[in-house]
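What follows is each chain in one-letter form.
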Amino acid sequence: MPMYRPSILLSDAYGSAGDVTFYHRNGRCYTRRRVKASYPGTPAQLEHLAVHRRAMAAWASLDSEIQEQWNAYEVTAEPHRPPFDHKAHISGNNLFMSAYHGFALLGNEHIPQAQPFQALPPFNVSFCDAVVKDGTLRLSIDAHVSSEIQPERYRLCARLRIMDSGRGYGVRGMRGFLAEGDCSQLMTISIPGYNDYWSFNEDCFQIQAMCILLDSITGFRSQYQRTIAVLSL
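My aim in this report is to walk through the structure given alongside it, one point at a time.

Rules of the game
- Every chain begins its residue count from 1, and numbering advances along the sequence as written.
- Whole-chain, interface and lining totals are the exception, using all residues; otherwise, since this is a predicted model, local features are given only for residues with pLDDT of at least 70 and side-chain atom pairs are given and counted only at 80 or more.
- The side-chain quantities take in all heavy atoms of the structure and omit both hydrogens and water.
- Only the stretch in contact is used when a helix axis is fitted, and all axes are lines through C-alpha atoms; the angle between N-to-C directions ranges over 0 to 180 degrees.
- Secondary structure follows DSSP: runs of H or I at least 4 residues long count as helices, runs of E at least 2 residues long count as strands, and numbering of each begins at the N terminus.
- For classification, angles of less than 35 degrees are called roughly parallel, those exceeding 145 degrees roughly antiparallel, those between 65 and 115 degrees roughly perpendicular, and all remaining angles oblique.
- Take the far helix as the reference: if the near one is turned anticlockwise from it by less than a right angle, the crossing is left-handed, and if turned clockwise, right-handed.
- In this analysis, two residues are considered to be in contact whenever any of their non-hydrogen atoms come within 4.5 Å of each other.
- Put simply, Ala, Val, Leu, Ile, Met, Phe, Trp, Tyr, Cys and Pro go in the nonpolar bin, Asp, Glu, Lys and Arg in the charged bin, and everything else, Gly too, in the polar bin.
- For salt bridges, the criterion is a side-chain nitrogen of Lys or Arg within 4 Å of an Asp or Glu carboxyl oxygen.
- Three exposure classes are used, based on accessible area relative to the maximum for each residue type with a 1.4 Å probe and protein chains only: buried under 20%, partly exposed in between, and exposed over 50%.

## Observations regarding the packing of helix α1 (residues 43–61) against helix α3 (residues 92–105)
Here comes step 1: One can describe the packing of α1 onto α3 by two numbers: an axis separation of 10 Å at closest approach and a directional angle of 130°. By the angle between their directions, the pair α1 and α3 is classed as oblique. The crossing of α1 and α3 is right-handed. Residues His48, Val51, His52, Arg54, Ala55, Met56, Ala58 and Trp59 of α1 lie in contact with α3, whose contacting residues are Gly92, Asn93, Phe96, Met97, Tyr100, His101 and Ala104.
Here comes step 2: Taken together, the residues of the contact of α1 with α3 sort by class into 9 nonpolar, 5 polar and 1 charged.

## A closer look at the pattern of salt bridges
Two side chains that carry opposite charge are able to pair once their charged atoms sit near each other.
Here comes step 1: Per the counting criterion, the structure on display carries 2 salt bridges.
Here comes step 2: Where arginine 54 meets glutamate 109, a salt bridge forms, and the shortest distance between an N and an O atom there is 2.7 Å. With arginine 54 in helix α1 and glutamate 109 in the loop between α3 and β4 (126–133), the pair connects residues that are 55 residues apart, well separated along the chain.
Here comes step 3: A residue is classified by how much of its surface remains accessible, and arginine 54, at 41% relative accessible area, is partly exposed.
Here comes step 4: Look at glutamate 109 and you get partly exposed, because its relative accessible area is 33%.
Here comes step 5: The salt bridge involving aspartate 215 is made with arginine 153; its shortest N-O contact spans 2.8 Å. In this pair, aspartate 215 sits in strand β9 (residues 205–215) while arginine 153 sits in the loop between β5 (136–142) and β6 (154–164), placing the two residues 62 residues apart along the sequence. Here aspartate 215 and arginine 153 have matching classes, each one buried.

Geometry only, nothing functional implied.
So, in structure tokens, the structure goes:
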């Protein structure tokens, strides 16, 4: 893991270029050999790739005037990755792709209309209860979105990992689910065949979650919020 040395031309680096990947740890930039996957991908990964390819084709099909509208709105959208200096912004294409993917997660895949990015409201996720019925694990979840900012327009999407209580945090084995209902009420995440994903002690188990809000009007998404809860059946 060689550390990246800033130069006069490049003070910092992010992402990949050629066979090199730049990444950050503890505030410092390091380089490593770029990983090239040799496996075809899981069905879920291939489905996500198919959505992304349709999104790229949809962007290419837009008239130049519509693309310019998206480009005009880019300055209000900050990236979800460093540098977090409030100076960087994503491109109009990035903004379009984000909205397209957001609507796809909502099960409403379509070409979004050009509009400026609207910051999503603050939220705080908590898991309230867990029951099993007909082989399906149902988790009750609350996003705690203020009633003053139209909570009914927001949906919750969560990547979950369930394991025995006391285990350390990790992303391996996480699965994504869209909660039923909107953020104006207590929502439910249903996981059919949950034992096919995880093995854990049902008397006391730990849920690790990475949650985002989805705006059902614009398709835009919030940043991830990490949550850990301990429940039992």
